[in-house]
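Below, each chain spelled out in residue letters.
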Amino acid sequence: MKEIFVPATITDLTVIDPNEIRNVELTLPQEHEFGGTVYPIIDEMRPGTAFLAKPFGARTGRQRRRMYTRSNSSIDAKGVLQTIINDTHAEKADTSVWWQTDDATAFQSAGVTVPVLFHVTPDGTALVPYENCSAIEDSNLRLEPDGEWPTMRFIGIALSTGITPFLAHIRYMKTLNFGRTEASAGVHYSLVVSVKNPRQLLAHEELKEMATAFPENFAYQPVLTREWPDDWSHGRGRIMNITELHNGAQKIDLDPLLEFLLDIQNEHVRICGNRDACRQLDEGLTQYGLRPRSFRAEAW
Ligand SMILES: Cc1cc2nc3c(=O)[nH]c(=O)nc-3n(C[C@H](O)[C@H](O)[C@H](O)COP(=O)(O)OP(=O)(O)OC[C@H]3O[C@@H](n4cnc5c(N)ncnc54)[C@H](O)[C@@H]3O)c2cc1C
């Protein structure tokens, strides 16, 4: 499939936690000229998928291809790609550092664009954003079809910026009234979010308000692992604890997480975070003899 990069304008770079996390918003043009043809841009990205952009690398000084999960829903904001980006602090960290810098802010002020990957539709009439996955698999978080999710019960476990696919799911579902009809109570979605400190709580007020307004469809459990205010009434400490055993295996303590999730075997469990945490949750459930209805994990 032909790769076409469309210039997107940086329209938001709000600092969530200085030098650590930013909300990023890239706004697409309505049409784009390629090879002498002007194509309209159609944005119908499915909740839970990621787009591909080419930001700069702070380490390499070059443009790099990187994927970002969209945190808003295409039915609410056509052509406005929101995501949340954290500095990974990995040894080779490159673009994740750049997004936190004044250089990125200068791009925004000067109206410099960031290329986003698009494809031509099969009928050749329009451009659509590349999505990292086109089918539902255990290793991605593309949302189930609209004929399925309204009758499901989900548990989303979000580690830090791993909240992005869950925000897209929940915002999309809310726009569709959580799939409620006269005959059905709609979806049930419990979201557990684990971050280091209160500054890193993303969309906290929005999620609290949603849980209050739609208690039959949405529950929110934020957990702070390192710092919390004295009056913090939600979870504290790590949601999983790992003990290394003499034989090299790991004993995985899920008790803190299971305190929030009383009936995990009746739920469709989803997790987004680093590779180790996703594997540990999967192994921990096996160690506890717990089998959720389904398990899907996206690791970055
Ligand atoms: C589907 C998907 C969705 C994602 N969504 C988000 C999101 O919403 N928010 C977010 O913040 N991030 C997201 N990511 C991660 C994001 O794409 C970047 O990988 C991340 O931001 C780190 O980027 P980086 O350039 O700093 O470092 P890296 O991507 O880790 O890479 C830096 C450079 O170092 C090289 N490198 C890395 N490790 C080694 C090594 N051991 N030896 C040699 N070279 C190495 C890489 O090839 C690369 O050239 C997502 C990733 C995927 C796959």
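Residues numbered from 1 in each chain as written. Predicted model: local features only at pLDDT ≥ 70, side-chain atom pairs only at ≥ 80, totals over all residues. Heavy atoms only, no water.

Caption draft 1: Highlighting the site of the ligand. Near the ligand lie 20 residues; those nearest to it are Arg66, Met67, Asp94, Thr95 and Ser96. The separation between an oxygen atom of the ligand and a polar main-chain atom of Met67 is 2.7 Å. Here the ligand loses 67% of its free accessible area of 960 Å² to cover by the protein chains. When its residues are assigned to classes, the shell around the ligand shows seven nonpolar, eight polar and five charged. (Near = heavy atom within 4 Å. Polar contact = N/O pair within 3.5 Å; in protein donor to acceptor, adjacent residues only side chain to side chain. Areas by Shrake-Rupley, 256 points an atom, 1.4 Å probe, with all protein chains shown as cover. Nonpolar A, V, L, I, M, F, W, Y, C, P; charged D, E, K, R; others polar.)

Caption draft 2: Region of interest: unusual backbone geometry. Even without being glycine, His89 reaches a positive phi, approximately 60°. Since its relative accessible area comes to 51%, His89 is described here as exposed. If you check the backbone angles, Ala203 has positive phi at about 55° while not being a glycine. By secondary structure assignment, the location of Ala203 is in the loop between β12 (188-195) and α4 (204-213). (Buried < 20%, exposed > 50% of the residue type's maximum accessible area, 1.4 Å probe, protein only. Helix = DSSP H or I, 4+ residues; strand = E, 2+ residues; numbered from the N terminus.)

Caption draft 3: Inspection of the side chain of Asp43 at higher detail. Considering the arrangement of structural elements, one finds Asp43 in the loop between β5 (37-40) and β6 (50-53). Polar side-chain contacts of Asp43 include one of 2.9 Å to the side chain of Arg70. Not counting chain neighbours up to four residues away, the residues in contact with Asp43 comprise Arg70, Ser74, Ala77, Lys78, Gly79, Val80 and Pro129. (Contact = heavy atoms within 4.5 Å.)

Caption draft 4: Quick look at the pattern of salt bridges. In the structure shown here, the tally under the stated rule is 15 salt bridges. The partner of Asp146 in a salt bridge is Arg46, and the shortest N-O contact between them spans 2.8 Å. In this pair, Asp146 is assigned in the loop between β10 (127-129) and β11 (153-159) and Arg46 in the loop between β5 and β6, connecting sequence segments 100 residues apart. Looking at Arg46, the relative accessible area reads 15%, which means it is buried. The partner of Glu144 in a salt bridge is Arg270, with the nearest N and O atoms 2.8 Å apart. You can see Glu144 sitting in the loop between β10 and β11 and its partner Arg270 sitting in strand β17 (residues 268-273), a full 126 residues away along the chain. Summarising the burial analysis for this pair, Glu144 and Arg270 share the class buried. One salt-bridge network, held together by shared partners, links Asp17, Arg199 and Glu227. (Salt bridge = Lys/Arg side-chain N within 4 Å of Asp/Glu carboxyl O.)

Caption draft 5: Inspection of the pairing of strand β4 (residues 31-34) at higher detail. Pairing of β4 with β5, which is carried by four bridges, proceeds in the antiparallel orientation. Across the sheet, residue Glu31 finds its bridge partner in β5, namely Pro40. Between β4 and β5, which pair antiparallel one after the other, the connecting turn spans two residues, and Gly35 there sits at a positive phi close to 60°. (Pairing = 2+ DSSP bridges.)

Caption draft 6: Focus on the nonpolar core. Of all hydrophobic cores here, the largest spans 31 residues; its most connected members are Trp149, Ile163, Phe166, Met173, Leu191, Phe218 and Tyr220. Where this core is concerned, the elements lending two or more residues are β11, α3 (164-175), β12, α4 and β13 (218-224). Here Leu191 is in contact with Gly156, Ala158, Ile163, Phe166, Ile170, Leu207, Phe218, Ala219, Tyr220 and Gln221, once residues within four sequence places are set aside. Counting residues in hydrophobic clusters, the runner-up holds 24 residues, among them Ala8, Tyr68, Ile85 and Trp98. (Core = buried A, V, L, I, M, F, W, Y, C linked by side-chain atoms within 4.5 Å.)

Caption draft 7: Region of interest: the packing of aromatic side chains. Tallied over the entire structure, the rule returns nine aromatic pairs. Ring geometry for Phe56 and Trp98: centres 6.1 Å apart, planes at 50°, overall tilted. Of this pair, Phe56 sits in the loop between β6 and β7 (66-69) while Trp98 is found in helix α1 (residues 95-98), placing the two residues 42 residues apart along the sequence. Aromatic pair Phe56 and Phe107: ring centres 5.6 Å apart, planes at 75°, arrangement edge-to-face. Of this pair, Phe56 sits in the loop between β6 and β7 while Phe107 sits in helix α2 (residues 102-110), and the two are 51 residues apart along the sequence. For Phe107, a relative accessible area of 13% puts it in the buried group. Through a chain of ring-to-ring contacts, three or more aromatic side chains come together here, namely Phe51, Phe56, Tyr68, Trp98, Trp99 and Phe107. (Phe/Tyr/Trp six-rings, centres within 6.5 Å; stacked < 30°, edge-to-face > 60°.)

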